[in-house]
Amino acid sequence: METRTTAIDGRATLLAVVVVVSLSLAFRLPSCQESFWLDELHSAWVVADGFSEVAPRAAAGNQTTGYFHLLWIWSAVVGSGELPMRLSSVLASALASALLVVGVARRTGNVSAGLVAGGVLAIDPNGVFFGCELRAYAFVMLYAVLAVWSMMTWLGKAPAAVDGQGQSETHRFGPAHSYGGARWRLAMLFWICVAALVHPTSLGVLSLLIPCAVWVAWKRGRMRWWRADVFAVVVAVATLAALAMSSLPDSWQRRQLWRAFGQATSWWQLWYAWAWVPIVLLPLGAALGMWMASRLVQPFRSRSCDDPGEPSDRVDWIGVIPGLVAVTGTMLFFCASYFEWVPLWHRRYYVAALPLLAWTAGEMVAIFHSEMVRIVRGFSSVGAEGNSSLWLRRGCGIVVVVLFLGFVLWYQGTLRTLAAGRWPVQLRGEQWRGAVESVRGEIGDGDVVWLDSQLIEASFLRRPISEAGTVSEDQWDYLTFPLRGPYALDPVVAVGAFEHESWVRHHVRNLPHPQARVWLVSRSGDRSSRRFIDRLERFRPVSAVKTFPGRPVVFRLDFGE
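Quantities reported herein were computed from a predicted structural model and do not represent experimental measurements. (Residues numbered from 1 in each chain as written. Predicted model: local features only at pLDDT ≥ 70, side-chain atom pairs only at ≥ 80, totals over all residues. Heavy atoms only, no water.)

> Looking at this structure, how should I read the packing of helix H8 (residues 137–155) against helix H12 (residues 209–219)?
Packed helices, taken two at a time, are described by their axes: the angle between them and the distance between them. Between H8 and H12, the least distance of the axes is 10 Å, while the angle of their chain directions is 10 degrees. Looking at the two axes, H8 sits roughly parallel to H12. Touching Ala147, Val148, Met151, Trp154 and Leu155 of H8 are Leu209, Ala213, Val214, Val216 and Ala217, all from H12. Classifying every residue of the contact of H8 with H12 gives ten nonpolar, no polar and no charged. (Axes fitted to C-alpha atoms, helices over the stretch in contact; angles between N-to-C directions. Helix = DSSP H or I, 4+ residues; strand = E, 2+ residues; numbered from the N terminus. Parallel < 35°, antiparallel > 145°, perpendicular 65-115°, else oblique. Contact = heavy atoms within 4.5 Å. Nonpolar A, V, L, I, M, F, W, Y, C, P; charged D, E, K, R; others polar.)

> Would you take a moment to explain the packing of helix H25 (residues 501–509) against helix H26 (residues 526–536) for this structure?
It is the contact of H25 with H26, at a shortest axis distance of 10 Å, that shows an interaxial angle of 70 degrees. When the axis of H25 is compared with that of H26, the two are roughly perpendicular. Considering the relative orientation of H25 and H26, their crossing is right-handed. Counted together, Glu501, Val504 and Val508 of H25 and Phe532, Arg535 and Leu536 of H26 form the full contact between these two elements. Of the residues that constitute the contact of H25 with H26, the class distribution is four nonpolar, no polar and two charged. (Left-handed = near helix turned anticlockwise from the far one by under 90°.)

> What is the right way to look at the sheet that holds strand S4 (residues 542–548) in this model?
Strand-to-strand pairing in sheets goes through backbone hydrogen bonds, with the strands running parallel or antiparallel. In space, the five strands of this open sheet follow the order S2-S1-S3-S5-S4, with mixed pairing throughout. Two strands in the sheet have a free side with no partner beyond their single neighbour: strand S2 (492–494) and S4. Between one strand axis and the next, the sheet turns through 25 degrees on average, direction left out of account. Strand direction decides the pairing type here: strand S1 (residues 448–452) and S2, joined by three bridges, are parallel. Across the sheet, residue leucine 451 finds its bridge partner in S2, namely alanine 494. (Pairing = 2+ DSSP bridges.)

> Please clarify how the environment of leucine 455 should be interpreted in this entry.
Within the secondary structure layout, leucine 455 lies in the loop between S1 and helix H23 (465–468). On the basis of relative accessible area, leucine 455 is assigned to the buried category, the value being 11%. For leucine 455, the contacting residues outside a window of four places in its chain are Leu38, Tyr478, Leu479 and Phe481. (Buried < 20%, exposed > 50% of the residue type's maximum accessible area, 1.4 Å probe, protein only.)

> Mind showing me how you'd approach the pairing of S4 here?
Walk down a regular strand and you will see the side chains alternate between the two sheet faces. For S4 and strand S5 (residues 553–559), the ladder comprises six bridges, and the chain directions are antiparallel. The partner of alanine 544 across the bridge, within S5, is leucine 557. Count of turn residues in the S4/S5 antiparallel hairpin: four residues, of which glycine 550 carries a positive phi of about 95 degrees.

> In this structure, what is going on with a nonpolar patch on the surface? I would like to understand it.
Among the surface-exposed residues, Trp268, Trp271, Tyr272, Leu281, Trp410, Tyr411, Leu415, Leu418, Trp423, Val425 and Leu427 lie close enough to one another that they form a single nonpolar patch of about 1,200 Å² accessible area. At the level of secondary structure, the elements contributing two or more residues to the nonpolar patch comprise helix H16 (268–271), helix H20 (387–411) and helix H21 (414–419). Tracing the sequence through the fold places valine 425 in the loop between H21 and helix H22 (432–440). (Patch = residues over 30% accessible without salt bridge, like charges linked within 9 Å, V, L, I, M, F, W, Y side chains within 5 Å. Areas by Shrake-Rupley, 256 points an atom, 1.4 Å probe, with all protein chains shown as cover. Salt bridge = Lys/Arg side-chain N within 4 Å of Asp/Glu carboxyl O.)

> Would you mind showing me how to read the packing of aromatic side chains here?
The description of an aromatic ring pair rests on the distance of the ring centres and on the angle between the ring planes. Going through the model one piece at a time under the given rule, you end up with 32 aromatic pairs. Measuring from ring centre to ring centre gives 5.2 Å for phenylalanine 129 and phenylalanine 130, while their planes differ by 80 degrees; the resulting arrangement is edge-to-face. Judged by centre distance (6.5 Å) and plane angle (45 degrees), the rings of phenylalanine 139 and tyrosine 143 are tilted. Within this pair, phenylalanine 139 and its partner tyrosine 143 are both found in helix H8, separated by four residues, close to a single helical turn. Ring-pair connections join several aromatic residues into one group, and the members of that group are Trp267, Trp274, Phe333, Phe334, Tyr338, Phe339, Trp341, Trp345 and Tyr350. Arginine 428 extends its terminal NZ or CZ atom over the ring of phenylalanine 129, reaching a point 4.1 Å from the ring centre. (Phe/Tyr/Trp six-rings, centres within 6.5 Å; stacked < 30°, edge-to-face > 60°. Lys NZ or Arg CZ within 6 Å of the ring centre and 35° of its normal.)

> Hey, could you run me through the pattern of salt bridges in this one?
Pairs can form between side chains of opposite charge once their charged atoms are near each other. One pass over the full model with this rule turns up 22 salt bridges. Taking the shortest distance from any N to any O, the salt bridge between aspartate 490 and arginine 484 comes out at 3.4 Å. You can call aspartate 490 exposed: its relative accessible area is 57%. A relative accessible area of 33% means that arginine 484 is categorised as partly exposed. When the shortest N-O distance is used, the salt bridge between glutamate 501 and arginine 538 registers 2.6 Å. Here arginine 538 lies in the loop between H26 and S4 and glutamate 501 lies in helix H25, a separation of 37 residues in the sequence.

> What is the right way to look at unusual backbone geometry in this model?
Phi is mostly negative for residues that are not glycine, and the peptide bonds are mostly trans. Residue proline 491 is bonded to the preceding aspartate 490 through a cis peptide linkage, with omega at -5 degrees. Its place among the elements puts proline 491 in the loop between helix H24 (473–479) and S2. With an omega of 5 degrees, the peptide bond running from arginine 551 to proline 552 counts as cis. With respect to the secondary-structure elements, proline 552 resides in the loop between S4 and S5. Despite not being glycine, glutamate 340 has its phi angle at roughly 60 degrees, a positive value. With respect to the helices and strands, glutamate 340 occurs in the loop between helix H18 (320–338) and helix H19 (353–378).

> Help me understand the confidence of the model for the protein, please; the structure alone is not making it clear to me.
Low-pLDDT portions of the prediction should not be read for the details of their coordinates. Chain-level pLDDT for the protein is 87 on average; 90% of the residues reach the 70-or-more range. Averaged pLDDT values over the elements of the protein bottom out at 38 in helix H9 (residues 169–172) and peak at 97 in helix H6 (residues 111–123). Segment residues 158–178 is flagged for pLDDT under 50; beyond a separation of four residues in sequence, or across chains, it makes 24 contacts in the model. The model gives residues 381–387 a pLDDT under 50, and that stretch makes seven contacts with residues more than four places away or in other chains. (pLDDT = per-residue confidence, 0-100.)

What follows is the structure, given as structure tokens:
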């Protein structure tokens, strides 16, 4: 089988898109009812006020601004509730899954392969988690699909060596094909740059597509420069300049703060980065196994059973390139963190790898399906008009989809969850909405809210006041953003459960009156919060009552003389 861009059954493709989009929505929408968690509260705070506030607030949280400007427009249209806001990510993720269906189906001529590729992204737990979060990750996955689709369209199938007159196919269609190649190269680079502007760390994965694609194109005689390549260089330089003028350089200067969540400590963490077995090992192993089996039985095939419409025996393996890039990118992020170059070991940084893995899974399923059909057809008869061959392909396609997606659902525990009568959801486990509502129901005039949000930018609180340097009003305002957006309380003071003794003294002394009532909203947990309260008693008597359990936990603190 030689995979190639070809005509496909439009109705079957549309049905596959509907199935995948329905799966995407079904797996994501139930997770959208939960309260925003800390990172999402930053997104909500960034877009909570005027458009002019978006850029500085995004930069305060070490984020580039492109995504948040679009989110501001979205929130102005749909509102600031959890479901309407998260719907932006849900729709982007569903669109990414749908594009995987169409892209893989068009390149391989196999709708079932596209259905598997899109289905993997639709039901994978990481795809669901990042696909319904109020951050830029769903859009990174969408742009990754568009980039890899552009690349695979550019590379296409391997050209024939020579034609009947001894002229290579590439040379015969040189000018037209060169223009097409430049167009798709530009499209690939454009979407990589868009992803970089939305989340710069996506370059750690997607930039690897460029050398891989150039090498394969050169080997296939597809590497011909065209006028559009000049524009591609302009786009790349403009993107790098925009990143240099963004908050990225300042964030890079503070990269050691990322150790709190981005440090790799064991090689086993690499194994748990993705579900390698159902997404990579099974499709690749199945494709290789079926391809070898087809070659073994080829001498025994009945020549009278050959279908003129059947693809040639040649198998095009360039479909492994996106998966190879994804694996390499994931390993680069792991090694950068493990060897303490830069702490970036978190899926949010290399989430662009997931759609690439899904694309390759679909490509391998196409090879598996085609070789399986070839084997079965070799020992069966074909009707006069090929009707039995058509139903054979469709039947094998259904079996393949059920087999591969069923294994994914089993491997990740989804079938077990459904059998227990529960719908699988991806929850963050932070109940900020409930915590704020519990405070609003009891807070009185003159009460103060202390917020312990565990932000990495609040690490200066662990040092003495004399060593903390000057803390700007903007930084203090940033540290209280969890209670400045959709779950607002006032007045709010940033504290830390593990802050230095001098800061504890400072916060107690700055209470509005000796018998003040303070509402402590802490993300540090019950035990750490109680230890913090014990430290408060060194400076002033205080009684504590827990009014909201969970994360964040809420304590009512009544100070005495």
